[in-house]
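Each chain, letter by letter, is given below.
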Number of protein chains: 4
Amino acid sequence: MSSIWGNHLKLSVFGESHGKGIGVVLDGLPAGQLIDHDELLAQMARRAPGRDSTTTARKESDFPEILSGLYQNTTTGTPLCAVIRNNDTHSGDYADLNSHPRPGHADYTASVRYGGYNDYRGGGHFSGRLTAPITFAGAICRQILARRGVSIGAHLFAVGAVRDAPFDPMGVPDAVLDALAASPLPTLSPETGRAMRQEIETARLESDSVGGIVECIATGLPTGIGDPMFGGVENRMASILFGIPAVKGVEFGDGFGAAALRGSVNNDAFIYEKDTVRTSTNHHGGILGGITSGMPLLCRVAFKPTPSIFREQQTVDLQTHTEAPLTIHGRHDPCVAVRAVPVVEAASATALLDLFLEAYGYEFR
Amino acid sequence: MSSIWGNHLKLSVFGESHGKGIGVVLDGLPAGQLIDHDELLAQMARRAPGRDSTTTARKESDFPEILSGLYQNTTTGTPLCAVIRNNDTHSGDYADLNSHPRPGHADYTASVRYGGYNDYRGGGHFSGRLTAPITFAGAICRQILARRGVSIGAHLFAVGAVRDAPFDPMGVPDAVLDALAASPLPTLSPETGRAMRQEIETARLESDSVGGIVECIATGLPTGIGDPMFGGVENRMASILFGIPAVKGVEFGDGFGAAALRGSVNNDAFIYEKDTVRTSTNHHGGILGGITSGMPLLCRVAFKPTPSIFREQQTVDLQTHTEAPLTIHGRHDPCVAVRAVPVVEAASATALLDLFLEAYGYEFR
Amino acid sequence: MSSIWGNHLKLSVFGESHGKGIGVVLDGLPAGQLIDHDELLAQMARRAPGRDSTTTARKESDFPEILSGLYQNTTTGTPLCAVIRNNDTHSGDYADLNSHPRPGHADYTASVRYGGYNDYRGGGHFSGRLTAPITFAGAICRQILARRGVSIGAHLFAVGAVRDAPFDPMGVPDAVLDALAASPLPTLSPETGRAMRQEIETARLESDSVGGIVECIATGLPTGIGDPMFGGVENRMASILFGIPAVKGVEFGDGFGAAALRGSVNNDAFIYEKDTVRTSTNHHGGILGGITSGMPLLCRVAFKPTPSIFREQQTVDLQTHTEAPLTIHGRHDPCVAVRAVPVVEAASATALLDLFLEAYGYEFR
Amino acid sequence: MSSIWGNHLKLSVFGESHGKGIGVVLDGLPAGQLIDHDELLAQMARRAPGRDSTTTARKESDFPEILSGLYQNTTTGTPLCAVIRNNDTHSGDYADLNSHPRPGHADYTASVRYGGYNDYRGGGHFSGRLTAPITFAGAICRQILARRGVSIGAHLFAVGAVRDAPFDPMGVPDAVLDALAASPLPTLSPETGRAMRQEIETARLESDSVGGIVECIATGLPTGIGDPMFGGVENRMASILFGIPAVKGVEFGDGFGAAALRGSVNNDAFIYEKDTVRTSTNHHGGILGGITSGMPLLCRVAFKPTPSIFREQQTVDLQTHTEAPLTIHGRHDPCVAVRAVPVVEAASATALLDLFLEAYGYEFR
């Protein structure tokens, strides 16, 4: 039990990097939702590899074939399954990996977990390629949420030591989010974008990789959705966000920064704005006690540097029980955080739709 | 659906701060586990208030009455329920809060979520007092894990701007963890401890509060437990850790710090130590692809400053729809992170036992 | 994982027959529901032992203490826990049972399942006494459902070879259901009731026991709640009903009888009644494709005869690995189906409220 | 949330009768299980239509394409997805059904549940065709169970008024089960088979249909698997079995028959057989207190007659809100119970593997 997520909307992700295909089943989608296919493919394209030199050279059309759950472009309410075929596989690149686990990858832990029977080629089910079905799921969910006035966007907040300006926690206009979505390396500041591109390029030229942070915002959420304790918005979002490969940290609002603050600074005063309760600042990131406050939801997700680097590394030979050098071949992004931007949005959209369905039941149409 | 957590071991937490009692049901505990009551109470005492001036003046015996699931001090395997009575309640302190939500608290969001019917006294089900049943659950779980060679410990890694030395990610001796557990303000460095105490005391005297970070380590874990994607160790731990009030961030291994690293630094080389695969460093924090690597598990949890401060704050009057000043009374810790140290350990222990039960089934005895 | 049930409303049952107490946590109840305590206790009294000679002589006040989730007699929306103390325990009666499993009981299977560590006294967690918390849960749920126009009732459809008239599947007036609820041995026909009482008394005098069937109806349900396949009304109801001790079969509508019918008889024609779609007959028992049709929901639940009988029986001695005779002492109902009537209603009410919450979300108040 | 089942092994079924395809994702399969494809296809063929005149004339190759989870014919342990394309669809046959719901079908309830957006063609997700993915899942599971010594078989116990001999509850040889599996209309007695065929043929010639009962047995189960209350073997099996279209009742052991028995007859005496505890009879059907006793597991599943009959029936026109006659076209089995035999086995196999995984964890290989 591992690749299924959700309470009211359930996401079941399947597939391995070098198998026949990957995909997702979405169970519990509200019926009667018109799906815009162009918008769907546009979201898939944001994640797809090969947009520029910051990403892997692997070319995949990533075209999702929808097998069920959609009739006359409208959700039927019963499970929606989409399959994405794997075409451009170079499995030969991975011939050694079964016995020589790549540092920083799941090769070794998966081998132990599955008694050596996992499909290790290209990382198998642990591959970053499995973010394509998550992106697909999120692309469906965000269309449904958009009709309820919810906008979701993200940017590259950090690449290595380079930091973008943070989102304004009081709100970000849709036009800004749209512009970010259109950019292959989305930052609020163009200079930051150039510096990040440089950082990534430098790492790549040095046969190295670099980590990054994605910041995500959701605006237009209603007040009062989410549950206390383990059913809080943070818990649910974290439980799906840590499912994106290479994620090592998740924070909401001021997050780790809040630990350094005084209560008198961190507390957000309640005010009235035209008879609506709001807060005058938004250190809490839109969630109090696990429940939405009606303020923008803000989270940041830390990605480690791509573990596949082209320098010789130290590993072990699981057959001979000796240490052995390893040089990785294949095609890999020098900074996974770049293509993770739409994935973080997609995972967030999925988590939010799950919360909406809990709150509103079948009436959510 | 909110206060139940777990897959193979299920934790069902109930209670409100000023109701008759709070407690927990643990369903799925392995049978035949001898429980040491003194050790259990010692864990409860670590979290209990009133140990010194860094914590609230509320006195609660926090004595758990075990109603089921234990026979002759041994787990029966059927649900174990423990109830902790609320005795020292000053509900009068909270009379205003239903209409004047406290900044930084769940008062407002809970009021919307529950249509105004929630028990708002003392924060109700959202109170930090609900960490007592979690601590109880963890105290049971850690005894069972200890017999399997798993040690769990934590320290105050930060209070405001003061930072302790981090745990050695390659491992921490049990004696160090035991010493930390015995300290009301556990730090690796005594000077840091004094500085933190000063930081907290200063905040308290200024009618303010301060945030903090708890770092937790688990050693002795087997390799190969956990699942890919949404069933990973990080996902499961985050989904319970965000259930502790005031948590705003969770990270594993180098966490957010990894975002600033190069892959060549962050990747941990595989080595053999007497025929056992290990890594020469531990930036990954004991988890790769959601699955344990056999290296120590490391996580850090960020706590915001206690929202209850004694300065006048700005809030709204939900009855009159006007803005209104608020002065909070009652008894509150100036730094919730201090008493959260054993709670983070407890939540981690619970998550880890859940993973063990999945891995080993009923045979786990 | 065993004693927790539900998707949107979660029921967590705990306790053992001869331990300190038993009880239940209800997580996910809608907030703002006024609870009538007299009505609650009346439901508990229906199940309580000692009403007449058809039931066990054990006297338990079965008084539920509500520890949380209720404030000013109104549900808060956070977990509601109720504890029932065990008082009248005669544990000495069970001294032998750990090594001499009772035929027809869970003694042997539980002993294997829990490695001999289960609390075997009085059947422990497998005791019929655990139906008290289910009855409590159902008593809460039915009050909430009643306000939405849902009535739930049941009668003894069969005891041994004696059969009552079946419910009219087109509907049963509330007055009839109320009269049944007031009867210690509820039947539609008074003569049947007398014959059943005779059947039970005869069995009792012969140191024997007898089985029975409970038929349950729910009227006033909306059309279109429930899910296809594994989330159907039947699946969910069966999954809770088989949790009542001694249940060996569950059927809906014509159930096993439908297997003998032709389609032309079993199909229920659709008609309009004042612009509302109804069926002219109700062989389907109110459920088509797992989803409510708006017609009364009908189910029947088969109970085996009480396994505790006072004749000498054949069992084994698990210590000596030999066969051994066994004579059971203690206090036992000669026909568990009698007191199971309100339990079947309670389990049904719980399942139906879970379905309502899924359908209507938090708006269900 | 509807079409996902399971706790440790999760089954996610998708598809609609006249959409592009149907299929299943199996998450949680143990790794390292060699799968025999011929055996897999043989199980699929048992359920496939068109074997003889007792079944629908629809021809579907029902060839499952496995997209993931299998590498070198061995389970990888990560999700296994199989897709079956829909080829032979005659959607024109169903043009009217959106506004004229078929009696006994889910057309009307699904229309309300999904606000009219469900894919109504051929019953959509409610079609009996969705039993193909369940059969596929069961075919995988039964191969894994067979290696652990578990055999699963079933026969047509009743068709209309014709009844086969029941299984011997003390056990059925594998050779008998194999012979049943090879028969298109499996009965223990050849004469019964002929009589059933006659019963079905008569119904068909009269443009009618007939119900039936499937009896299923599982031998070779270990003692002590399953959980108390809601996690019992019966609860879990019932929760999947009611997911098969047209099922209206499920019973275990003597089931409804036990209600007519005395305890002295129904109780199964414990005996020793070569140091193994067994029972001398098996009225309990292999389950006591929700937990396996080591005796054969016996259940019976009641199927209503196929609702699609070719006589004119009474229904409503949902557009005009008037009553209207309906004559169904299309291709339909006159007795769904016939092809349901392997489906009942498959659902049982799936439920049992889920229980094994809970009991033995990852070690179950």
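Located above this text is the structure these notes cover.
Each chain carries its own residue numbering, running from 1 in the direction its sequence is written. Here chains are named by letter from A upward and ligands by number from 1 upward, in the order in which they appear as written. Reporting in this predicted model follows two pLDDT cut-offs: at least 70 for local features of residues, and 80 or more for side-chain atom pairs to be given and counted; totals over whole chains, interfaces and linings ignore these cut-offs and use all residues. As a rule here, side-chain values cover all heavy atoms of the structure and leave hydrogens and water aside.

Colleague: Hey, could you go over the interface of chain D and chain B for me, with residue numbers and the actual values?
Modeller: We call two residues contacting when some pair of their heavy atoms lies within 4.5 Å. Contact with chain D, which involves 13 residues of that partner, is made by 13 residues of chain B. In short, buried area is how much 1.4 Å probe accessible area vanishes from two parts on joining, totalled over both. Carbon and sulfur atoms make up 55% of the surface buried where chain D meets chain B, a total of about 870 Å² over both sides. It is D:H8, D:A359 and D:Y362 that lose the most area in chain D upon contact with chain B, and together they represent 52% of the buried surface on that side. Any N or O atom pair separated by 3.5 Å or less is treated as a polar contact, with the protein-specific requirement of one donor-capable and one acceptor-capable atom, and with residues adjacent in sequence counted only for side-chain atom pairs. Where chain D meets chain B, there are seven residue pairs in polar contact (both at pLDDT 80 or more).

Colleague: Explain the pairing of strand 17 (residues 313-317) of chain D to me, and be specific about the residues and the numbers.
Modeller: Buried means the residue's accessible area, taken with a 1.4 Å probe over protein chains only, is under 20% of the maximum for its type, while exposed means over 50%, and partly exposed covers the values in between. Strands are runs of DSSP state E lasting at least two residues, helices are runs of H or I lasting at least four, and both sets are numbered from the N terminus onward. Across the five residues that make up strand 17 of chain D, a large majority, four, are buried. Pairs of strands are assigned from DSSP output, requiring at least two bridges between the strands. The antiparallel pairing of strand 17 of chain D with strand 18 (residues 322-326) of chain D creates a hairpin that spans four residues between the two strands, and D:H321 there sits at a positive phi of about 60°.

Colleague: Now, about the relation of the copies chain D and chain B: what can you tell me, with residues and values included?
Modeller: Overlaid copies result from least-squares superposition on C-alpha atoms, with residues included only where pLDDT is at least 70 in both. Aligned on chain B, chain D shows an RMSD of 0.0 Å; the corresponding rotation is 180° and the shift along the axis is 0.0 Å. Here the transformation between the copies is reduced to the relation of a two-fold axis. If distances are taken from each C-alpha of chain D to the rotation axis, the shortest is found for D:G361, at 2.1 Å. The fraction of interface residues of chain D whose copies in chain B are also interface residues reaches 100%, indicating that both copies meet through the same surface.

Colleague: If you had to explain the relation of the copies chain D and chain C to someone new, which residues and values would you point to?
Modeller: Rotating chain D by 180° and moving it 0.0 Å along the rotation axis overlays it on chain C with an RMSD of 0.0 Å. A high fraction, 100%, of the interface residues of chain D reappear at the interface in chain C, so the copies pair face to face through one surface.

Colleague: Tell me about the sheet that holds strand 3 (residues 21-27) of chain A, and please be specific about residues and values.
Modeller: Ordered by their spatial adjacency, five strands build an open sheet running 1-2-3-7-4 (chain A), and the pairing between neighbours is antiparallel. Of all the strands in the sheet, the pair left with one neighbour each is strand 1 (4-5) and strand 4 (64-68) of chain A.

Colleague: Could you give an account of the side chain of D:R102, with specific residues and numbers?
Modeller: As for its position among the elements, D:R102 is in the loop between strand 7 (80-85) and helix 2 (107-113). In terms of polar contacts, D:R102 uses its side chain to reach the side chain of D:D107, at 2.7 Å.

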